[in-house]
Amino acid sequence: MKKIDANTDIYCILGYPVRHSKSPMMHNKAFEILGINACYVAFEIRPGDLGDAIKSMKALGIKGANITIPFKEDVIPLLDSISDEARDIGAVNTIKNDDGILRGFNTDGVGFVASLKENLINPKGLKVLVLGAGGASRAIVYSLIKEGAHVYISNRTMQKAILLCNQMRQFSTSIQTLDINDITAKDTISDVSLIVNTTSLGLKPDDPLPIPATYLGKQHIVCDIIYKKTPLLKEASRLGIKTIDGSGMLLHQGVIAFEIWTGLQPPVEEMRKQLEVV
Ligand code: ATR
């Protein structure tokens, strides 16, 4: 058990709900191994209380925070500055308190790319189908195009996919929408290498697949950003297709956040083990 004393620094995650979060275990293990006198806790913040919570970071001298659902966008105007990446994505998942100046970052997209790279997948030149056009999709699409991937975006509400695509065109022209209900969609999809589910379909065990199983082939790698085995990942595995779940993205967004806060390289494998604890 970590010794807490009068000099212990506080880091936290702010979200609603947040009690399921594995970030405290991951970061506390890293602090412990590196011998840093710090403690990471979860605060469940009612949506109307976000402004007070962010202000209290300054008053209490909380050194850093992760921001999760549903606050990643709403937090932006409450900060003193945000990184170019967080601004371009339109969401913040990491805050660093620099002596009373709150700086926002987004480590979700880079975390996702890091999880691909540790699976020996280099996004450069890769054709990728991203399912979903919400907040998580924005961070992932942004990082993929910055890495030189060619991205197709599909979404239940195609209007949102078109909007996202138009916003991201300023960073790369290698981006287009794809309606998976079109008759030609199957041919296009058969030609992509990576399929990434960023929709919430799969959070519940009896959710339908976000894409028809008949569209999946052995040439694909199927990723989900949800960190358990979703129906999509189960079906892909059953078909003999390589899969990657969201645990790598969760790990690496945390690793990058830790580096931002401390300037130190955390013990990645020990952090990964914490995510495996049920
Ligand atoms: P997040 O921050 O996790 O990305 P979000 O911004 O609420 O969450 O986005 C959720 C995504 O899941 C959206 O792309 C949403 O599609 P719509 O834009 O059409 O709402 C998608 N999604 C949620 N429920 C879905 C469902 N039942 N079928 C298909 N897509 C769904």
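Scroll up to find the structure.
Residues numbered from 1 in each chain as written. Predicted model: local features only at pLDDT ≥ 70, side-chain atom pairs only at ≥ 80, totals over all residues. Heavy atoms only, no water.

## What to know about the pattern of salt bridges
Convention followed: Just to be clear on terms, a salt bridge is a Lys or Arg side-chain nitrogen sitting within 4 Å of an Asp or Glu carboxyl oxygen. When a residue's accessible area, from a 1.4 Å probe over protein chains only, is under 20% of the maximum for its type it is buried; when over 50% it is exposed; and in between it is partly exposed. Here a strand is any run of E in DSSP of at least two residues, a helix any run of H or I of at least four, and the numbering for each starts at the N terminus.
Going through the model one piece at a time under the given rule, you end up with 17 salt bridges. Measuring nitrogen to oxygen at the nearest pair gives 2.7 Å for the salt bridge that ties Asp 98 to Arg 103. Residue class for Asp 98 comes out partly exposed when judged on its relative accessible area of 26%. The closest approach of N and O atoms between Lys 117 and Glu 147, which form a salt bridge, is 2.9 Å. In this pair, Lys 117 is assigned in helix α4 (residues 108-118) and Glu 147 in the loop between α5 (135-146) and β8 (150-154), connecting sequence segments 30 residues apart. Here the salt bridges share partners, and the residues they tie into one network are Asp 84, Arg 87 and Asp 88.

## Observations regarding the nonpolar core
Applied cut-off: What is meant by a nonpolar core is a set of buried Ala, Val, Leu, Ile, Met, Phe, Trp, Tyr and Cys residues, joined one to another through side-chain atoms within 4.5 Å. In what follows, residue pairs with any heavy atoms lying within 4.5 Å of each other are defined as contacts.
Counting residues in hydrophobic clusters, the biggest one holds 31 residues, and the most contacted among them are Phe 112, Leu 144, Val 151, Ile 153 and Leu 194. When sequence neighbours within four positions are dropped, the list of residues in contact with Phe 112 reads Ile 140, Leu 144, Val 196, Cys 223, Ile 225 and Met 249. Ranked by size, the runner-up nonpolar core spans 18 residues in total, among them Ala 30, Tyr 40, Ala 257 and Phe 258.

## Details of the packing of aromatic side chains
What characterises a pair of aromatic rings is the spacing of the ring centres plus the angle enclosed by the ring planes. Put simply, the rule reads: Any two rings among Phe, Tyr and Trp, with Trp reduced to its six-membered ring, count as a pair given centres within 6.5 Å; such a pair is stacked if its planes are under 30 degrees apart, edge-to-face if over 60, and tilted if neither.
Applying the stated rule across the entire model yields five aromatic pairs. For the ring pair Phe 31 and Phe 258, a centre distance of 5.1 Å and an interplane angle of 40° mean the geometry is tilted. Within this pair, whereas Phe 31 is found in helix α1 (residues 23-34), its partner Phe 258 is found in helix α9 (residues 247-262), the two being separated by 227 residues in sequence. Side by side, Phe 31 and Phe 258 carry an identical accessibility label, which is buried. Through a chain of ring-to-ring contacts, three or more aromatic side chains come together here, namely Tyr 11, Phe 31, Tyr 40, Phe 258 and Trp 261.

## Observations concerning the pairing of strand β11 (residues 221-224)
Cut-off, in case you're wondering: Note on pairing: two strands pair once DSSP finds at least 2 bridges between them. Crossovers are described as right-handed under a simple rule: with the strands pointing away from the observer, the path leading from the first strand over the helix to the second runs clockwise.
Of the two faces of β11, the one holding Ile 221 and Cys 223 and the one holding Val 222 and Asp 224 are both buried throughout. Sheet analysis places β11 next to strand β12 (residues 242-244), joined by three bridges and oriented parallel. Residue Ile 221 lies in a different strand from β12, and its bridge partner there is Lys 242. As a crossover connection, the stretch from β11 through helix α8 (residues 231-238) into β12 is right-handed.

## Re the packing of α4 against α9
Stated formally: Helix axes are fitted to C-alpha atoms over the stretch in contact, other axes to C-alpha atoms as well, and angles between N-to-C directions run from 0 to 180 degrees. Orientation is classified from the angle alone, with under 35 degrees giving roughly parallel, over 145 giving roughly antiparallel, 65 to 115 giving roughly perpendicular, and any other angle giving oblique. If you view the pair so one helix is near and one far, a crossing is left-handed when the near helix is turned anticlockwise from the far one by less than a right angle, and right-handed when it is turned clockwise. Side-chain classes follow a simple rule in which Ala, Val, Leu, Ile, Met, Phe, Trp, Tyr, Cys and Pro form the nonpolar group, Asp, Glu, Lys and Arg form the charged group, and the remainder, Gly included, forms the polar group.
Two elements in contact, α4 and α9, have axes separated by 7 Å at closest approach and are oriented at 120°. The orientation of α4 with respect to α9, classified from their angle, is oblique. α4 and α9 meet at a crossing whose hand is right-handed. Packed against α4, whose contacting residues are Asp 108, Val 110, Gly 111, Phe 112, Ala 114, Ser 115 and Glu 118, the element α9 presents Gly 248, Met 249, His 252, Gln 253 and Ile 256 at the interface. Tallied by class, residues from the contact of α4 with α9 come to five nonpolar, five polar and two charged.

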